[in-house]
Amino acid sequence: MTQHKDMNKTIFITGATSGIGLGCARKFADNGDRLILNGRNVKKLEAIRQELEAKGTKVIVLAFDVRDREAARKAIERLPEEWQQIDVLINNAGLALGLEPEYEGDLDDWETMIDTNIKGLLTMTRLIVPQMIQRNSGHIINIGSVAGDAAYAGGNVYCATKAAVKALSDGLRIDVADTAVRVTNLKPGLVETNFSNIRFHGDTKRAAKLYQGIKPLTGDDIADVAVYAANAPEHVQIAEVLILATHQASGSVIVRK
């Protein structure tokens, strides 16, 4: 398939300081786009901004937690006028916490996952998509998960949040079908990032075991698909993509060698 490249798109990426978000920042920068990068860690955001600006990319960083609706609104409203038109929104901010049975789960962990993975995504969508509808142009790329297709042991609430991402992506695609706005749901499998370290509350040894015996995906692998989807011809909507490591068949079937 031949891709169509529109120069100088403005890409808004949430959770851009590590993993898939950072991979997207670097890949879209290589693609010649300019970036609005969101995250909670100001120091990391500044380091990434300096890295990308040194390569000639125009970058704005916005430090806020997507769970904070008011902070998100203020940050977006304060964007310089020439940055107000956001062409691609990548709803990447998300996390998993814990791997306990549902009847033993931590209520605070659940709340954090729901507020970030679902409500944070909804907040960003609500704040940015209306301008896309108004000008009849734009693209929302939601980072879902293979976990949204079927639950796995210990995944319960996290899987539910990613199932919600799929439903919200499908629902939004229906809502904007009469416009030229496109909606993509990317569903990665096993990706080696700090995801598992966060899930296990900093237990690096336990996190490392998850990737033993298999070559996992990287944030760059998912970013490659995001860049492709964003630059497909205008009449082509990459609605959903499941991306797995070669020796992973589903959320629960992983062959280790």
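Since the structure is predicted, the reported quantities are computational estimates derived from the model, not experimental observations.

1. Observations regarding the confidence of the model for the chain
Here's step 1: On average, residues of the chain carry a pLDDT of 94, and 95% of them reach 70 or more.
Here's step 2: Throughout residues 1-5 the model reports pLDDT below 50, and contacts reaching past four residues in sequence, or to other chains, amount to 16 contacts.

2. Side note on the packing of aromatic side chains
Here's step 1: Summed over the entire model, instances satisfying the criterion amount to 0 aromatic pairs.
Here's step 2: Directly above the ring of Trp83 sits Arg34, whose terminal nitrogen or CZ lies 4.2 Å from the centroid.

3. A closer look at the packing of helix α3 (residues 69-77) against helix α4 (residues 107-135)
Here's step 1: One way to put it is that α3 packs onto α4 with a least axis distance of 10 Å and a crossing angle of 30°. Regarding the angle of α3 to α4, the classification is roughly parallel. Along this stretch, α3 crosses α4, giving a crossing that reads as right-handed. Counted together, Arg69, Ala72, Arg73 and Ile76 of α3 and Thr123, Met124, Leu127 and Ile128 of α4 form the full contact between these two elements.

4. As for the pattern of salt bridges
Here's step 1: Per the counting criterion, the structure on display carries 15 salt bridges.
Here's step 2: With its nearest N and O atoms 3.2 Å apart, the salt bridge here joins Lys119 to Asp115. Here Lys119 and its partner Asp115 are both found in helix α4, 4 residues apart, which amounts to about one turn of the helix.
Here's step 3: According to the relative accessible area criterion, Lys119 is partly exposed, its value standing at 47%.
Here's step 4: With a closest N to O distance of 2.9 Å, Arg173 and Asp170 form a salt bridge. Placement of the pair is Arg173 and Asp170 together in helix α5 (residues 156-175), with a separation of 3 residues, close to one helical turn.
Here's step 5: A residue is classified by how much of its surface remains accessible, and Arg173, at 15% relative accessible area, is buried.
Here's step 6: Three or more residues are tied together by salt bridges with common partners; here these are Asp149, Lys166, Asp170, Arg173, Lys187 and Glu240.

Criteria and cut-off values
Residues numbered from 1 in each chain as written. Predicted model: local features only at pLDDT ≥ 70, side-chain atom pairs only at ≥ 80, totals over all residues. Heavy atoms only, no water. pLDDT = per-residue confidence, 0-100. Contact = heavy atoms within 4.5 Å. Phe/Tyr/Trp six-rings, centres within 6.5 Å; stacked < 30°, edge-to-face > 60°. Lys NZ or Arg CZ within 6 Å of the ring centre and 35° of its normal. Axes fitted to C-alpha atoms, helices over the stretch in contact; angles between N-to-C directions. Helix = DSSP H or I, 4+ residues; strand = E, 2+ residues; numbered from the N terminus. Parallel < 35°, antiparallel > 145°, perpendicular 65-115°, else oblique. Left-handed = near helix turned anticlockwise from the far one by under 90°. Salt bridge = Lys/Arg side-chain N within 4 Å of Asp/Glu carboxyl O. Buried < 20%, exposed > 50% of the residue type's maximum accessible area, 1.4 Å probe, protein only.

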